[in-house]
Amino acid sequence: MDIGIIAQLPFQYPQEALGVLLVIIYIILYSVGQKQNKSIALEFVENNIEIFQQQFSHVGVTKEAKGPLLSSESSSSFRFFASGRQNCEFLMATIELKKRQDLLSYYAFTLAWPEKDLLQFDISLTHPQTIVFAILKAREAKTYKESYTDLKYLTEKVVIDRLENKTSLIALAEGKEPITTIIDNKIAQLLEKLEKYIVAIHLTDQKGLSQYPYQLRATFQNFNKLSQEQQNDIVNLVLALVDKIQVYKLPVSLKQQYEAERQKLEEIKTKDEKLRRIEDAQKKKTEKLQKEKQKILTMSRDQQIKAQEKERKEELKRKYQKRVMHM
């Protein structure tokens, strides 16, 4: 083919040429953004791999001793696993990053709904106790509390003694105990250092976070802006909380009190579930009636009369059945 003809194609088909150029640019930027996100996730794991290897007998997303450290859930979501440690069944770190590979969401939507790079630890603890609490910024407590049934019905705002007048962090807890005992000086210092990056630290025995019965979830934002030492502090904080929670023994009197509160919570859940089913059934009934009405409107006059007569007979039959049941 004549090279001159090829050179003239963009001028002969400008719109098509622009489209091809935009596709090429998008592919390049997608690849760059994807690699950047993977680099951020890998950097976090590499910055903390020494701690993970010291604390856990196995790290990585496969059973192989030298398998990959990360699994890629998407171009902006990654996971890391560690298992084989006292006081916890496993640790799963989920890294949810800005969609740097998606130009539209990253540059356009971000202006209206700013995204943040998030790091979330989910840890299944080995010795369940009747304890629920969350640590988070005071201004976000109300919204967060309403989002979780365990916090909504079992907790209230509690000032953390060792952090009072030092940070904006507060606790949603069932009382001063056990949060006052669990937050010792070491943990308080780490919370104070990392305050800006803490989204929420949530402990529950209510399966409100996952299928596991006793779980700690700790979420941090913009962790990739931290130094290696500060990222180490995040991991050390989470593991210190795990150990402190597991060695803590809830007093018998409080255990009885908290168990009674959970019994009330179960009754509330049962009632709410019953109401939800009634509402769902009513919604389905309404939708069915609307469809039937729409169907009747498309019928001829004779068909409409027959359909209405059939509906009337079925209604009389339902009323008769109800009357028989109550006799």
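It should be noted that the structure appears before, not after, this text.
In this text the structure is predicted, and so the values were computed from the model without any measurement. (Residues numbered from 1 in each chain as written. Predicted model: local features only at pLDDT ≥ 70, side-chain atom pairs only at ≥ 80, totals over all residues. Heavy atoms only, no water.)

All of the buried residues along helix α7 (residues 185–193) are Ile187, Ala188, Leu190 and Leu191. On an axial view of α7, the arc spanned by its buried residues comes to 165°, and they lie on one face. Structural note: α7 exposes Lys186, Gln189 and Lys193 on the side pointing more than 90 degrees away from its buried face. The inward-facing, buried residues of α7 contact β6 (133–137), β8 (169–173), α6 (176–182), β9 (198–204) and α8 (228–247). Its side-chain oxygen at 3.3 Å from the backbone nitrogen of Lys186, Asp184 defines the N-terminal cap of α7. (Buried < 20%, exposed > 50% of the residue type's maximum accessible area, 1.4 Å probe, protein only. Helix = DSSP H or I, 4+ residues; strand = E, 2+ residues; numbered from the N terminus. Arc of directions from axis to C-beta. Contact = heavy atoms within 4.5 Å. Polar contact = N/O pair within 3.5 Å; in protein donor to acceptor, adjacent residues only side chain to side chain.)

Moving on to the nonpolar core. Looking at soluble globular proteins, one finds that nonpolar side chains tend to be buried together. The biggest cluster of nonpolar side chains holds 62 residues, and the ones touching the most others in it are Leu91, Phe121, Ile183 and Leu191. The element contributing the most residues to this core is α8, with nine residues. If we skip the residues at most four places from it in the chain, Ile183 touches Ile135, Ile160, Arg162, Ala188, Leu191 and Leu241. Within the second largest apolar cluster, 13 residues are counted, among which are Leu136, Tyr144, Ile170 and Leu172. (Core = buried A, V, L, I, M, F, W, Y, C linked by side-chain atoms within 4.5 Å.)

Once that is clear, we can look at the pattern of salt bridges. Per the counting criterion, the structure on display carries 14 salt bridges. Linking Lys193 and Asp233 is a salt bridge whose minimum nitrogen-to-oxygen distance equals 2.8 Å. Taken together, the positions of Lys193 in helix α7 and Asp233 in helix α8 put the pair 40 residues apart, joining distant regions of the chain. If you follow the salt bridges from partner to partner, you end up with Glu273, Arg276, Arg277 and Asp280 in one network. (Salt bridge = Lys/Arg side-chain N within 4 Å of Asp/Glu carboxyl O.)

Read these as spatial facts, not as claims about activity.
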